[in-house]
Amino acid sequence: MKTAIDDKIFFAEESFELEVKSLQRSIIQRSAAGLDGQINIDLGSRGRKLVQKGQLRARNQTELEQQIGAINELIDGNLHILKCSDGNVFENLLIEEFQTEPFINGGAHTSCQYNITYKQQD
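In this report, the structure presented in the accompanying data block is examined. Starting afresh in each chain, residues are numbered from 1 along the sequence in its written order. In keeping with the predicted nature of the model, local features appear solely for residues at pLDDT of at least 70, side-chain atom pairs appear and are counted solely at 80 or more, and the whole-chain, interface and lining totals rest on all residues. Side-chain calculation: all heavy atoms of the structure are included, whereas hydrogens and water are not.

1. A closer look at the nonpolar core
Item 1. If you look at the biggest cluster of nonpolar residues, it comprises 20 residues, and the most contacted ones within it are Ile5, Phe11, Leu56, Ile116 and Tyr118.
Item 2. Only DSSP runs of H or I covering at least 4 residues are called helices, and only runs of E covering at least 2 are called strands; the numbering of each starts at the N terminus. Only strand S5 (48-58), helix H1 (61-73), strand S7 (89-100) and strand S9 (109-120) provide two or more residues apiece to this core.
Item 3. We call two residues in contact whenever any of their non-hydrogen atoms come within 4.5 Å of each other. The residues touching Ile116, leaving out its near neighbours within four places in the chain, are Ile5, Phe11, Leu50, Val51, Gln52, Ile71, Ile95, Glu97 and Phe98. Residues grouped as a nonpolar core are buried Ala, Val, Leu, Ile, Met, Phe, Trp, Tyr and Cys residues, joined through side-chain atoms within 4.5 Å. Exposure categories follow from relative accessible area, calculated using a 1.4 Å probe and restricted to protein chains: below 20% of the type maximum is buried, above 50% is exposed, and the middle band is partly exposed.

Below you can see the structure in the form of structure tokens.
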């Protein structure tokens, strides 16, 4: 199984770096006259960030630009599913940012480093 977003395979390599950050909670603290201390209102879990780093590869620059364009189209405000080659599945992901570095031409392929930041919704 290759790594895919919404069952579309963009990532040819078997290994990449995925940093899964901890869940965040939102809390409001309020004070009131005549009350010692503060009241804490727990607003619940607010999701977590995931950062995926790796390398995109294609046979030529045109194909690599098409891959990048297809990933950019996923920054649409909809929730997506990331299925990893190790079997992990992350659902309800909002793609916040997608960055690429300059292209590198090497041998039989063109490649570039990429960085995708997701926010997993509850």
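2. Digging into a nonpolar patch on the surface
Item 1. A patch consists of residues whose relative accessible area exceeds 30% and which take part in no salt bridge; residues with like charges are grouped when within 9 Å of each other, and nonpolar side chains (Val, Leu, Ile, Met, Phe, Trp, Tyr) when within 5 Å. Here the accessible surface of atoms and residues is derived via Shrake-Rupley with a 1.4 Å probe, and residues count as covered only by protein chains that are part of the display. The salt bridge criterion pairs a side-chain nitrogen of Lys or Arg with a carboxyl oxygen of Asp or Glu, the two atoms within 4 Å. Residues Leu35, Ile39, Ile41 and Leu43 make up a contiguous nonpolar surface patch of about 310 Å² in total accessible area.
Item 2. Relative to the helices and strands, Leu43 is located in strand S4 (residues 39-45).

3. Digging into the pairing of S7
Item 1. For two strands to be treated as a pair, DSSP must find no fewer than two bridges joining them. Summarising the sheet, strand S6 (residues 80-83) and S7 pair through three bridges and their orientation is antiparallel. From the neighbouring strand, Lys83 faces S7, where its bridge partner is Val89.
Item 2. Counted between consecutive antiparallel strands, the loop separating S6 from S7 contains five residues, among which Gly87 sits at a positive phi close to 100°.

4. Quick notes on H1
Item 1. Each helix should span, by expectation, one fewer than its residue count multiplied by 1.5 Å. Under the 1.5 Å per step criterion, the end-to-end length of H1 is 18 Å for 13 residues, consistent within 8% with the ideal 18 Å.
Item 2. Among the residues of H1, Leu64, Gln67, Ile68 and Ile71 are the ones counted as buried. Along the axis of H1, the buried positions cluster into a sector of 95°, meaning they face one direction only. Opposite the buried face of H1, at more than 90 degrees from it, the exposed residues are Gln66 and Glu73.
Item 3. Measuring from the side-chain oxygen of the N-cap residue of H1 to the backbone nitrogen of Thr62 gives 3.2 Å; that N-cap residue is Asn60. Read the arc as the range of directions from the helix axis to the C-beta atoms. Pairs of N or O atoms are called polar contacts if they sit within 3.5 Å, as long as, within protein, a hydrogen donor faces a hydrogen acceptor (for residues adjacent in sequence, only side-chain-to-side-chain pairs).

5. What to know about the environment of Phe10
Item 1. You can see Phe10 is positioned in the loop between strand S1 (4-5) and strand S2 (17-20).
Item 2. Residues Phe10 and Ile71, 61 residues apart in the sequence, show an inter-C-alpha distance of 7.8 Å.
Item 3. Aside from chain neighbours lying at most four places away, what touches Phe10 is Thr3, Ile5, Leu56, Gln67, Ala70, Ile71 and Leu74.

6. Considering unusual backbone geometry
Item 1. Unusually for a residue other than glycine, Asp7 sits at a positive phi of about 65°.
Item 2. Structurally, Asp7 is set in the loop between S1 and S2.
Item 3. The phi dihedral of Asn92 falls on the positive side, at around 60°, and the residue is not glycine.
Item 4. Position of Asn92 relative to the elements: it lies in strand S7.

7. So, the side chain of Thr3
Item 1. Mapped onto the elements, Thr3 comes out in the segment before S1.
Item 2. The class of Thr3 is buried, set by a relative accessible area of 0%.
Item 3. Only 3.3 Å separates the side chain of Thr3 from the backbone nitrogen of Ser85, close enough to count as a polar contact.
Item 4. If sequence neighbours within four positions are ignored, Thr3 has contacts with Ile9, Phe10, Phe11, Phe16, Gln52, Leu82, Lys83, Cys84 and Ser85.

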